[in-house]
Amino acid sequence: MAKQKQVAPEVHMIDVYVMGKRYQVPEGLTIMTALEYCGYRLIRGCGCRAGFCGACATIYNLKDDSQLRYDLACQKTIEPGMYLVQIPFFPSAKALYNLEEIEPTAESLLALYPSLLTCFGCNTCTKTCPQELEVMWFMSDALRGDIREVANRSFDCVMCGLCAARCPQGLVPYNIALLCRRLYGRYLAPTSQHLEDRIAGIETGKFDAELEELEKMSQDELHRRYAERDIEPAYTKQS
Amino acid sequence: MYPAYMGESIRKVEASRERRLEETRPRVGDQEKAALLTEFHPDFIKEGMRELLVGPNRGEPTPNEVAALLEGNSRVNPDKINLGKVDHDVDVLVIGCGGAGASAALLAQENGAKTLLVTKLRLGDANTVGAQAGTQAADRSNDSPAIHYLDTIGGGRFDNIPELVEALVRDAPSVIKWLEELGVNWDKNPDGSMHELSGGGASRLRLHSARDYTGLEEMRVLRDEVHNRCIDYLEFSPVIELVMDDKGQVAGAILVNLETNELTLVRAGAVIMATGGAGRLHIQGFPTTNHYGATADGLVLAYRVGAELIFMDTMQYHPTGAAYPVQILGQLVTEKVRTLGAQLVNAEGEQFIMSLEPRDVVASANIRECRHMKGITTPTGELGVWLDSPMIDLLRGEGTIARELPAMVRQFGRYNIDITKEPMLVYPTLHYQNGGIKIDPDGATTIPGLFAAGECMGGVHGRNRLIGNSTLDIFVFGRRAGKAAARYAREVKLGALTLDHVGKWQAELKEAGITESRPATPLLLPNYARQPDDYLADYARKTLSSGQIKVA
């Protein structure tokens, strides 16, 4: 181990229930590491283990509180009396489309996801989102065809699918939001002229000579050029 | 919430903050860098490496944990495999579905190849999704592919393969455009210009980001496109051995269903390895930022058919893994925090390194501070230094942290740490495999029919990768490999399928006297489950280990 352990940790054990069976585990674990502590070797429901991939979306409740709660198993710290399950897989609809052939309009969204019209605003999706996104609100933005706003509000979605799993009307908010973000990036985001110019420059060979010179350069000269290169300031101070 | 005993040190960080806003640290020169790395970087700990005993890279120093797997035993008994029954017959087989695998599959299909994409976990379960900071591309007027080239080579300790770096920097702007046309949402200024940031070792503002969810944004778009283009795929189906033909060409693979142990045989004109990294091997005991499946499988499979590896003696330890709280120990604190202006500060509240040096330098400096008793010890005995995130809003205006770093605010907020007001405690964490399977600019390895792209390949980054160059290389070389493999598969004439290489490999292990002491590989998944006592009777064990793959 690269580090020196200096303090012996004091371990308190708490009760959790996995598929209804009681286990004692050290407090401070996440739901995922608690399952592993109980002896489960995960195949499903485990991905980046850092809160980004959505593989470990899970539901739980507490011994004396039957209300369902939702979270990412790799991020949520266990609490005494938690009832844990694994949701290995939840099938949900994804429309197939060719991005080049659709327009960034409400009509496109409705054509691909007609269930959007059936949302009755129960807000279960919002309450379910482990990223605490305003899911119902960006679904109503989608209905109005405000694609830019859907893209913005849904941006931090890890596509875990819990919103779709709980929607009583069978909407798939996470896939509708992905469609909106893709439409925004493809059609609505302002174009970057400097990027176009640079690509054209590379294609016409504008940078070939400099690159060739560097590739043939001696190690000594490369070291010198590297050490002497000017560095653009990381930021300009706010005035 | 930090434990009360850390309060004194946090107050020192706060007390020096105003002064440090104006304070700059000098750049680290060649000699100082060499001394710092030699003394503190884990790559230079001799006991951490040993020479490989078998295979094309025999005699080369390799981290112990990787060496054990590269020298591993095959999981299959060739005598029990029926190569006459092909389950999938395709032009191009892509193994792995992170950014590199998805790009390769899209390009292979676009170039007319019947393509099959197979992956160990789900589509998109890969290190790509955890990449936060951004993707490099020299597209601003004061920047150029040549400056990007120089930064990359210098950061890589001048060992990078020049032709690969050239491909990387040349393709970069068109990769950014390709991703945008697929619908990736880049952070932009109102006039449409890219909102670009600096990064460790980069001499220009060159990072294209999507908040601090850049890799996730790239991956979810590519995965969606893989679905839209109806590319065939198999999930939870890792490759356990490559298949060759009697002309010495790679010609397919054997997959195993992780849940049922059923085998599937794929014949393919070309195979693209895009299996990612090795963080879950916890080299030298480090925690890791890597996803659950990062177990070096592709290296093992390629090595066994004779593909050369390069720079296996270097791993990247990201300077800032979370050291506290323990729930997120070793998880990534994106370099974007430093890019935006946060400094690294020791327990006394003093800066000790220019925060935007390349990662190997900064990681070494963090280790030095801790070893010199200038770090903070956590309640579980971890060490760390401060990353002074609240500086960002002072430098760039209130609200910058919330806007630019929502994932970090959310992640630490779960544990009642407000990074807009309190610093983050960090220590190096195992992040990236700098080396890997040796390729040419088309992704071709040293074995015909085998291509590689993404983290499992090596050479382009030399011995230390820069920020934003991996979420670039996955697309540059994924696309190139996809295209080249489709072209190759059109021309190739496959011979009869064979697993002779497995027999030869096992004979080599036997000759080296290491058959008994090496594990069955590829590893497939780490085992974090607490182990029950071993109660198995010998006859019971024997029935368990009959030719089948027992992963769980």
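That block above? That's the structure.
A brief report on the enclosed structure follows. (Residues numbered from 1 in each chain as written. Chains lettered and ligands numbered in written order. Predicted model: local features only at pLDDT ≥ 70, side-chain atom pairs only at ≥ 80, totals over all residues. Heavy atoms only, no water.)

**Structural notes on the overall build of chain B**
Helix and strand content of chain B: 16 helices and 23 strands. A compact globule built from 552 residues should have a C-alpha radius of gyration of about 24 Å, and chain B, at 23 Å, falls within 12% of that. For chain B, the C-alpha atoms occupy an extent of roughly 75 × 60 × 40 Å along the three principal directions. Put simply, chain B has 552 residues, and 68% of those count as buried. Taking as baseline every contact in chain B between residues at least 6 positions apart, the subset at least 24 positions apart corresponds to 76%. Summed over all atoms, the accessible surface of chain B reaches about 17900 Å², with 50% contributed by carbon and sulfur. (Helix = DSSP H or I, 4+ residues; strand = E, 2+ residues; numbered from the N terminus. Rg over C-alpha atoms; globule rule 2.2 N^0.38 Å. Buried < 20%, exposed > 50% of the residue type's maximum accessible area, 1.4 Å probe, protein only. Contact = heavy atoms within 4.5 Å. Areas by Shrake-Rupley, 256 points an atom, 1.4 Å probe, with all protein chains shown as cover.)

**Topic: the pairing of strand β17 (residues 383–387) of chain B**
Residue and element names in this part refer to chain B. The element β17 is largely enclosed, with a buried count of 5 among its 5 residues. Pairing between strand β15 (residues 344–345) and β17: 2 bridges, direction antiparallel. Considered in β17, the bridge of V345 is made with W386. Counting the residues between successive antiparallel strands, the hairpin from strand β16 (residues 376–377) to β17 contains 5 residues, one of them, G381, with a positive phi of roughly 90°. Bridge count for β17 against strand β18 (residues 424–433) is 3 bridges, and the pairing is antiparallel. When the bridges of β18 are listed, W386 appears paired with L425. (Pairing = 2+ DSSP bridges.)

**Describing the nonpolar core**
Counting 167 residues, the largest nonpolar core has L93, L242, L450 and F477 of chain B as its most contacted members. Residues in contact with L242 of chain B, not counting those within four places in the same chain, are I95, G252, A253, V271, M273, L301, A302, V305, L450, L499 and H501 of chain B. With 39 residues, the next largest nonpolar core counts C38 and Y60 of chain A together with I254 and L258 of chain B among its residues. (Core = buried A, V, L, I, M, F, W, Y, C linked by side-chain atoms within 4.5 Å.)

**Thoughts on the sheet that holds strand β6 (residues 135–136) of chain B**
All names here are of chain B. If you walk across this open sheet you meet the 3 strands as β6-β8-β7, and the pairing is antiparallel. For this open sheet the edge positions go to β6 and β7 (196–197), each flanked by a neighbour on one side alone. As paired elements, β6 and strand β8 (residues 207–208) share 2 bridges and run antiparallel to each other. Each bridged residue has a counterpart across the sheet, and for T135 the counterpart in β8 is H208.

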